[in-house]
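What follows is each chain in one-letter form.
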Amino acid sequence: MYEHVKLVFCIFSILLLWSFIYSGKRISRVQDDKSYWKLAALPIIVFTLFYGLRFGRLIDYNLYAVRYYSLGNHLDDEYELLFRYVCHWGASLGIHYQFLILLITFLIMFSAFYLFKNLKYRKSLFYILLIFLSIIAPIEQLVRWYFAAAFYIFAIFYFSKTDYVRFGLFAVCACLTHIGYVPLIAFFIVVYYIRIQLIPSNICIILLIFSTFLGETKMLESVTPYLNILSLNDKSSQYVDSFSTLVTEGTKNIGIREIGITTQIRIILAYSFPFFFLERLKTKGLQYWIINTYCIAVLTYPIFSKVEILDRYASILMLVSIPVIVGMSFQLFFSQFNKWNLAMKYFGILSFIANVYPILSNLFGRTEWWYMLFIWDANGRSILPLIYFQ
């Protein structure tokens, strides 16, 4: 029954990867915004269709499908105001749930291109788009979180342009979609006004190795007293209340995800290399907020990724910093490839492989049919049984 599913999924995966490579190369050669958006249309459309037309993708998709139609019949206060009314109006008007998934997917890609359209990034767009594709996988799972992420990206874009009215509008939209963005908004405002690199690059490399190989979830016990700041509504309070249990019980608890040795090595290779280029990136006018966000994101990710509530925050810090920092670093590296010594050449190539590997693994490494369905594979179903994803 599902023999064709992987073939169709792989074909669309190839189309997605091609659209990012093709457009990234062409965008890196243009300077005007009109040409930028004209070329950006292809990856935006392909990305939106690829992720937006996916059916039954992981747990949240199936849970929110039920809640979407439920909110159409009965408007309660379980969710934040904007998300609640978007679902209520959509379901009340008879709009299929899949259109919400399409909308969220489009907004994420559109907002990302807004963030990337800075002329300082233009030459590096080929690499930036590849790295973006390598870290965007959580969009399949975290439906409401990434809905809010699109507003958050617009907010930080307009803040960096000193358009505080639009910043405020999008910041409010993000928080009214998911209240968990209040700390992220506060974090961005604070880090934006820091005009130095908080942690020297050589120290960052040492700390990255330490947090990747030696970082344990029990180290997060010291964070527990400060997590009350995240208890902004009943749902987030449930995460915080169970945090101590998640940390102390370790892998016996389903809230903990352990990282294998190969993934640990990949993380170090992928994210240590750009630290050698931060000084050069500063001379190109790269703002300190994105440099400091990158440092914090990659240093906390190996530990934060093990606990769901913190993994959500780490994924957003990575989303707004890693594509730019890593992408610009590779542009500098490959554009001056012959000037590097042999060790640096090998290091750079291995780092590039480590960064793009998640793209190939995520798009072409799937084996179970329920991870590869599109809406035309629904066959009359509205959701998939959650047991498939447990």
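Residues numbered from 1 in each chain as written. Predicted model: local features only at pLDDT ≥ 70, side-chain atom pairs only at ≥ 80, totals over all residues. Heavy atoms only, no water.

## A look at the overall build of the chain
Inference 1: Check the secondary structure of the chain and you find 16 helices and zero strands.
Inference 2: The proportion of buried residues among the 390 residues of the chain is 55%.
Inference 3: In the chain, the proportion of contacts linking residues at least 24 apart, taken out of those at least 6 apart, comes to 78%.
Inference 4: Here the chain displays about 17400 Å² of accessible surface, and carbon together with sulfur accounts for 65% of that area. (Helix = DSSP H or I, 4+ residues; strand = E, 2+ residues; numbered from the N terminus. Buried < 20%, exposed > 50% of the residue type's maximum accessible area, 1.4 Å probe, protein only. Contact = heavy atoms within 4.5 Å. Areas by Shrake-Rupley, 256 points an atom, 1.4 Å probe, with all protein chains shown as cover.)

## Re a positive patch on the surface
Inference 1: Together, Lys 25, Arg 26, Arg 29, Lys 34 and Lys 38 make up a region of like positive charge exposed at the surface.
Inference 2: Residue assignment for the positive patch shows that the elements contributing at least two residues are α1 (3-27) and α2 (33-52).
Inference 3: Looking at Arg 29, the relative accessible area reads 63%, which means it is exposed. (Patch = residues over 30% accessible without salt bridge, like charges linked within 9 Å, V, L, I, M, F, W, Y side chains within 5 Å. Salt bridge = Lys/Arg side-chain N within 4 Å of Asp/Glu carboxyl O. Lys, Arg positive; Asp, Glu negative; His and termini not counted. Charge placed at Lys NZ, Arg CZ, Asp CG, Glu CD.)

## Some remarks on empty space enclosed by the protein
One way to see where empty space is left: roll a probe the size of a water molecule over the atoms.
Inference 1: Tallying each qualifying case throughout the model produces one cavity of 30 Å³ or more.
Inference 2: Reported here for the largest cavity is a volume of approximately 30 Å³.
Inference 3: Lining the largest cavity are Tyr 152, Phe 187, Phe 188, Val 191, Trp 289, Thr 293, Leu 317 and Val 320.
Inference 4: No other element matches helix α9 (residues 181-192), which puts three residues into the lining of the largest cavity. (1 Å grid on protein atoms, 1.4 Å probe; cavity = no way out; pocket = protein on both sides within 12 Å on 5 of 7 lines; lining within 4 Å. Points joined across faces, edges and corners; volume = space filled by probe spheres on them.)

## Points about the packing of α9 against helix α14 (residues 288-304)
Inference 1: One can describe the packing of α9 onto α14 by two numbers: an axis separation of 9 Å at closest approach and a directional angle of 125°. By the angle between their directions, the pair α9 and α14 is classed as oblique. With respect to the hand of their crossing, α9 and α14 are arranged in right-handed fashion. Across the interface between the two elements, Phe 187, Phe 188, Val 191 and Tyr 192 of α9 pack against Trp 289, Asn 292, Thr 293 and Ile 296 of α14.
Inference 2: Residue composition of the contact of α9 with α14, grouped by class: six nonpolar, two polar and no charged. (Axes fitted to C-alpha atoms, helices over the stretch in contact; angles between N-to-C directions. Parallel < 35°, antiparallel > 145°, perpendicular 65-115°, else oblique. Left-handed = near helix turned anticlockwise from the far one by under 90°. Nonpolar A, V, L, I, M, F, W, Y, C, P; charged D, E, K, R; others polar.)

## Section: the packing of aromatic side chains
Inference 1: The final tally for this structure, using the stated rule, is 70 aromatic pairs.
Inference 2: When the ring of Tyr 85 is compared with that of Trp 89, the centres are 5.2 Å apart and the planes differ by 50°; the resulting orientation is tilted. One end of the pair, Tyr 85, and the other, Trp 89, are both in helix α4 (residues 81-92), four residues apart, so they sit about a helical turn from each other.
Inference 3: Over the aromatic face of Phe 50 sits the side chain of Arg 54, whose NZ or CZ is 5.9 Å from the ring centroid.
Inference 4: Seen from the ring of Trp 340, Lys 339 lies directly overhead, with NZ or CZ sitting 5.1 Å from the centre. (Phe/Tyr/Trp six-rings, centres within 6.5 Å; stacked < 30°, edge-to-face > 60°. Lys NZ or Arg CZ within 6 Å of the ring centre and 35° of its normal.)

## Observations regarding a nonpolar patch on the surface
Inference 1: Judged by side-chain polarity, Ile 209, Phe 210, Phe 213, Leu 214, Ile 261 and Ile 265 come together as a nonpolar surface patch covering roughly 550 Å² of accessible area.
Inference 2: If you list the elements that add at least two residues to the nonpolar patch, you get α10 (201-213) and α12 (261-272).
Inference 3: Tracing the chain through its elements places Phe 210 in helix α10.
Inference 4: Overall, Phe 210 belongs to the partly exposed group, its relative accessible area being 39%.

## Some thoughts on the packing of helix α8 (residues 164-177) against α9
Inference 1: At a closest axis distance of 8 Å, the pairing of α8 and α9 adopts a crossing angle of 150°. Touching Phe 167, Ala 171, Ala 174 and Cys 175 of α8 are Tyr 181, Val 182, Ile 185 and Ile 189, all from α9.
Inference 2: Partitioning the contact of α8 with α9 into residue classes produces eight nonpolar, no polar and no charged.

## Some remarks on the pattern of salt bridges
Inference 1: Per the stated rule, a full pass over the model turns up eight salt bridges.
Inference 2: With a shortest N-O distance of 3.5 Å, Lys 117 and Asp 33 are connected by a salt bridge. Taken together, the residues span a long stretch of sequence, with Lys 117 in the loop between α5 (97-116) and α6 (125-135) and Asp 33 in helix α2 at a distance of 84 residues.
Inference 3: Looking at Asp 33, the relative accessible area reads 36%, which means it is partly exposed.
Inference 4: Residue Glu 140 pairs with Arg 54 through a salt bridge whose shortest N-O separation is 2.7 Å. Here Glu 140, found in the loop between α6 and α7 (143-160), pairs with Arg 54, found in the loop between α2 and α3 (58-73); they are 86 residues apart in sequence, far enough to count as distant. Across the pair, exposure class does not vary: Glu 140 and Arg 54 are buried alike.
Inference 5: Within this structure, Asp 33, Lys 117 and Arg 122 form a network of salt bridges that share partners.

## Comments concerning the side chain of Thr 48
Inference 1: Position of Thr 48 relative to the elements: it lies in helix α2.
Inference 2: Separated by 2.6 Å, the side chain of Thr 48 and the backbone oxygen of Ile 44 make a polar contact.
Inference 3: Once residues lying within four places of it in the same chain are set aside, the contact partners of Thr 48 are Leu 53, Leu 102, Thr 105 and Phe 106. (Polar contact = N/O pair within 3.5 Å; in protein donor to acceptor, adjacent residues only side chain to side chain.)

## A few points about α2
Inference 1: Remark: the principal bend of α2, roughly 30°, maps to Ala 40, with a proline, Pro 43, within the next four residues.
Inference 2: Those residues of α2 that fall on the buried side of the exposure criterion are Tyr 36, Leu 39, Ala 40, Pro 43, Ile 44, Val 46, Phe 47, Thr 48, Phe 50, Tyr 51 and Gly 52.
Inference 3: Residues of α2 that are buried make contact with α1, α5, α6 and α16 (342-364). (Bend = angle between axes of the 7 residues up to and from the residue.)

## Structural notes on α7
Inference 1: With 18 residues, α7 ought to run about 26 Å at 1.5 Å a step, and its terminal C-alpha atoms sit 26 Å apart, in line with that.
Inference 2: Summarising burial for α7: 17 of the 18 residues are buried, a large majority.
Inference 3: Count one or two residues on from α7 and you reach Thr 162, which has phi positive near 60°. (Expected span 1.5 Å × (residues − 1).)

## Some thoughts on the confidence of the model for the chain
For residues with low pLDDT, the predicted coordinates do not support detailed interpretation.
Inference 1: The predicted model of the chain has a mean per-residue pLDDT of 89, with 88% of residues at 70 or higher.
Inference 2: Across residues 250-254, where pLDDT falls below 50, the model places five contacts with residues more than four positions away in sequence or in other chains. (pLDDT = per-residue confidence, 0-100.)

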